[in-house]
Amino acid sequence: NLAYVTSGGGDCIQIISIEDPENLALAGSIWIDWPKDICISGNFAYISNNGRDNSMTIMDLENPLRPAVIEAYFVDNDISNIFIQEDIAILPMNNHGCEILDIADRRNPQPIYEFDRHGLNVKEVHYTQNYVVTNWLLNRTYSGFQVFDISNLNQPEIRCQYGIDRRNIWYFEVVGNFLYGYDSRAGFTITDFSNLDEPEEVSSWRSFDFGVIRYFKIENLYAFLSMSNIDEEFYDHKMVILDLENPREPVVAGSCDIGVGGRVQVSNGMAYCRTDDRMDVIDVSNPNEPEFQRTIDIERTPSEYIVQQGIAYFACNDAGLYVEDVSDPEDIERLCRFNPDFNIQSIFLVDTLMFVADSQDNGGFYIIDMSDFENPEVIIGHETFGIAQDISVIGDTIFVANTNNLGIYNLIRQEEEENFVRETLPQPFGLSSVYPNPFNSTTAIEYALPFASDVSVSIYNIHGQIVDVLLDRVMSAGVHSVVWDADEVSTGVYFINLSSKTKSTYTKVVLCK
């Protein structure tokens with residue numbers, strides 16, 4: 001019943017309880033330097049940190065309300081994403097290949113393979129059995145695929161590097177033993193990876209009559225391609241459906257003219273292509289005879305859209321949420337336009353509850369009851385630490401990606417709320433007390449951390465020189481204390497410094513002997 005959320009910068013991850021939508025509450029927060037990506041597997045969370053020190057932080061979620069940092073694995077370059085499969089972590093590096101780790105012992109991750117090549121940026125990763133398939137960006141140009149055999153963790157092996165002679169491999173999907181990709185030279189390609197020692201490109205398809213592929217989606221042994229033929233005066237857009245039953249001979253099952261093309265979604269026999277402020281609706285229930293229905297004009301360019309059970313939801317930022325009934329393409333009906341006093345940047349639908357990320361300054365996220373389209377009701381709003389950019393929900397856990405952190409939230413029951421909030425309210429960062437002060441030989445320094453943090457407690461003299469370092473490691477959220485034994489230090493005024501990677505504070509103490 002918890003959600004964990006991060007973004008490409010900032011200093012914390014938030015946890016929100018979503019068990020009861022009417023009683024949304026901050027369940028906890030974790031102090032992490034510049035979290036960028038998070039992957040949850042089992043009772044562990046793996047977070048890429050691209051702050052002053054590039055690293056993968058591993059958190060123990062056994063107690064989801066008080067997650068604990070158990071290890072940080074440092075690397076030399078920015079981590080673009082994290083992919084976890086059982087006891088393997090794959091860390092694609094921006095412009096420096098990728099690294100594979102054995103994480104069977106979460107407290108002691110061990111590197112088992114590193115492919116480091118300057119200018120190589122792994123963009124996507126797909127798994128199939130014991131293999132990892134990636135495509136990469138080399139010197140700003142997509143250059144091919146790479147297949148890792150990770151069945152033997154002690155000796156991972158690159159089984160092949162495929163497509164090096166090609167350029168601009170923009171997108172791919174792996175289904176079974178086949179990899180479907182778009183290559184700007186060869187068009188739509190199908191590669192058989194059943195023999196990973198020698199992957200075989202079994203076919204390719206392109207058509208100058210239909211134009212260039214803009215996007216595709218694989219669904220039920222069909223490829224749904226959005227294509228555009230660029231003329232000097234106009235764009236000619238088409239939906240082309242390829243029958244993939246025989247991968248060696250993909251054939252055009254059907255095609256039709258469409259209005260705008262763009263990114264493709266397929267649901268319940270309907271295909272949807274959206275670009276900018278318009279969306280095409282195509283009936284693909286009979287792939288041999290796709291039928292363009294109409295283009296829906298959206299008053300404002302949506303930042304995101306969802307189509308579920310014939311209902312389309314368009315997130316249009318400050319223009320609000322547009323809801324259209326597209327179940328009958330001949331009779332598109334606007335069900336509502338909901339324009340609250342917050343920006344609808346990103347949306348995620350669970351049954352009749354719409355979760356919304358608000359991208360305004362001092363925004364947050366909201367839950368809207370959409371059971372009655374004539375009267376959508378904001379159930380609750382919750383401020384986040386930063387500007388909310390994206391939102392996702394897994395089970396009863398909300399993940400909110402903010403401009404400076406990942407928030408993780410869990411809903412709780414009304415009867416639990418008072419005790420829960422009191423127990424999990426973060427303590428402010430700072431030095432709580434120093435006692436005794438003045439002191440003779442030893443003094444206890446109490447400090448508080450709102451989130452788990454990599455902190456240091458240091459002693460400085462009046463000249464700004466470090467006298468002693470009492471602590472320098474990751475500490476959990478809460479109130480802690482450390483004792484300074486000053487037997488070997490002379491009488492005088494000293495300054496205690498509590499410092500993390502993003503915050504620092506001082507207090508003065510007097511030593512009298």
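Read on for a plain summary of the structure. (Residues numbered from 1 in each chain as written. Predicted model: local features only at pLDDT ≥ 70, side-chain atom pairs only at ≥ 80, totals over all residues. Heavy atoms only, no water.)

**Considering the sheet that holds strand β29 (residues 311–315)**
Then, in step 1: If you walk across this open sheet you meet the 4 strands as β28-β29-β30-β31, and the pairing is antiparallel. In this open sheet, the two edge strands, each paired with only one partner strand, are β28 (304–308) and β31 (333–338). When the angles between neighbouring strand axes are averaged without regard to direction, this sheet yields 15°.
Then, in step 2: Of the strand pairs in this sheet, β28 and β29 are connected by 5 bridges, and their pairing is antiparallel. Paired with glutamine 308 across the strands is isoleucine 311, a residue of β29. (Pairing = 2+ DSSP bridges. Helix = DSSP H or I, 4+ residues; strand = E, 2+ residues; numbered from the N terminus. Axes fitted to C-alpha atoms, helices over the stretch in contact; angles between N-to-C directions.)

**Quick word on the nonpolar core**
Across soluble globular proteins, you tend to see nonpolar side chains buried next to one another.
Then, in step 1: In terms of nonpolar packing, the biggest core is built from 29 residues, with Phe188, Leu225 and Met239 touching the most fellow members.
Then, in step 2: Listed by contribution, the elements that provide at least two residues to this core are β17 (178–183), β18 (187–192), β19 (200–205), β20 (212–219), β21 (222–230), β22 (235–243), β23 (251–258) and β25 (270–275).
Then, in step 3: Leu449, Tyr494, Val509 and Leu511 belong to the second largest nonpolar core, which has 21 residues in total. (Core = buried A, V, L, I, M, F, W, Y, C linked by side-chain atoms within 4.5 Å. Buried < 20%, exposed > 50% of the residue type's maximum accessible area, 1.4 Å probe, protein only.)

**Digging into the side chain of aspartate 280**
Then, in step 1: With respect to the helices and strands, the residue aspartate 280 is situated in strand β26 (residues 278–283).
Then, in step 2: Judged by relative accessible area, aspartate 280 falls into the buried class, the value being 0%.
Then, in step 3: For aspartate 280, the side chain forms a polar contact with the main-chain nitrogen of glycine 259, separated by 3.0 Å. (Polar contact = N/O pair within 3.5 Å; in protein donor to acceptor, adjacent residues only side chain to side chain.)

**Some words on the packing of aromatic side chains**
Then, in step 1: Per the stated rule, a full pass over the model turns up 11 aromatic pairs.
Then, in step 2: Here the aromatic rings of tyrosine 222 and phenylalanine 224 are separated by 6.5 Å at their centres, their planes lie at 50°, and the arrangement is tilted.
Then, in step 3: When the ring of phenylalanine 342 is compared with that of tyrosine 366, the centres are 3.7 Å apart and the planes differ by 5°; the resulting orientation is stacked. Of this pair, phenylalanine 342 sits in the loop between β31 and β32 (346–350) while tyrosine 366 sits in strand β34 (residues 364–369), placing them 24 residues apart in sequence. (Phe/Tyr/Trp six-rings, centres within 6.5 Å; stacked < 30°, edge-to-face > 60°.)

**Section: the pairing of β17**
Working note: regular strand, side chains alternate between the two faces of the sheet.
Then, in step 1: Counting buried positions over the 6 residues of β17 gives 5, a clear majority of the element.
Then, in step 2: Here 6 bridges tie β17 to β18, and the two strands are oriented antiparallel to one another. Bridging from a neighbouring strand, leucine 179 pairs with threonine 191 of β18.

**A short note on the side chain of serine 456**
Then, in step 1: Among the secondary structure elements, serine 456 is positioned in strand β41 (residues 453–461).
Then, in step 2: The contacts of serine 456, once residues within four sequence positions are left out, are Leu471, Asp472, Asn497, Leu498 and Ser499. (Contact = heavy atoms within 4.5 Å.)

**Here's the deal with the sheet that holds β34**
Then, in step 1: Ordered in space as β32-β33-β34-β35, the 4 strands form an open sheet in which the pairing is antiparallel. The sheet is open, and its two edges are formed by β32 and β35 (377–383), each paired on a single side. Sheet twist, expressed as the average angle between the axes of neighbouring strands with direction ignored, equals 20°.

**Observations concerning unusual backbone geometry**
Then, in step 1: In this chain, tyrosine 435 is followed by proline 436 through a cis amide linkage whose omega measures -5°.
Then, in step 2: Following the sequence through the fold, proline 436 ends up in the loop between β39 (430–435) and β40 (442–449).
Then, in step 3: Between asparagine 437 and the following residue, proline 438, the backbone shows a cis peptide bond with an omega angle of 5°.
Then, in step 4: Along the chain, the position of proline 438 falls in the loop between β39 and β40.
Then, in step 5: Notably, glutamine 309 is not glycine yet its phi reads approximately 50°, a positive angle.
Then, in step 6: You can see glutamine 309 is positioned in the loop between β28 and β29.

**Brief notes about a negative patch on the surface**
Then, in step 1: Among the surface-exposed residues, Glu289, Glu291, Asp328, Glu330, Asp331 and Glu333 lie close enough to one another that they form a single negatively charged patch.
Then, in step 2: With respect to the helices, strands and loops of the structure, aspartate 328 is situated in the loop between β30 (321–325) and β31.
Then, in step 3: On the basis of relative accessibility, which here comes to 38%, the residue aspartate 328 falls in the partly exposed class. (Patch = residues over 30% accessible without salt bridge, like charges linked within 9 Å, V, L, I, M, F, W, Y side chains within 5 Å. Areas by Shrake-Rupley, 256 points an atom, 1.4 Å probe, with all protein chains shown as cover. Salt bridge = Lys/Arg side-chain N within 4 Å of Asp/Glu carboxyl O. Lys, Arg positive; Asp, Glu negative; His and termini not counted. Charge placed at Lys NZ, Arg CZ, Asp CG, Glu CD.)

**Regarding the pattern of salt bridges**
Then, in step 1: Per the stated rule, a full pass over the model turns up 3 salt bridges.
Then, in step 2: Two residues, glutamate 200 and arginine 248, come together in a salt bridge whose shortest N-O distance is 3.2 Å. Of the two residues, glutamate 200 is situated in strand β19 and arginine 248 in the loop between β22 and β23; the sequence distance between them amounts to 48 residues.
Then, in step 3: Assessed through its relative accessible area of 36%, glutamate 200 is described here as partly exposed.
Then, in step 4: Taking relative accessible area as the criterion, arginine 248 reaches 44% and is therefore assigned partly exposed.
Then, in step 5: For lysine 238, the salt bridge is made with aspartate 257, and the minimal N-O distance between the two is 2.3 Å. Highlighted residues: lysine 238 in strand β22 and aspartate 257 in strand β23, separated in sequence by 19 residues.
Then, in step 6: According to the relative accessible area criterion, lysine 238 is buried, its value standing at 16%.
Then, in step 7: According to the relative accessible area criterion, aspartate 257 is partly exposed, its value standing at 46%.

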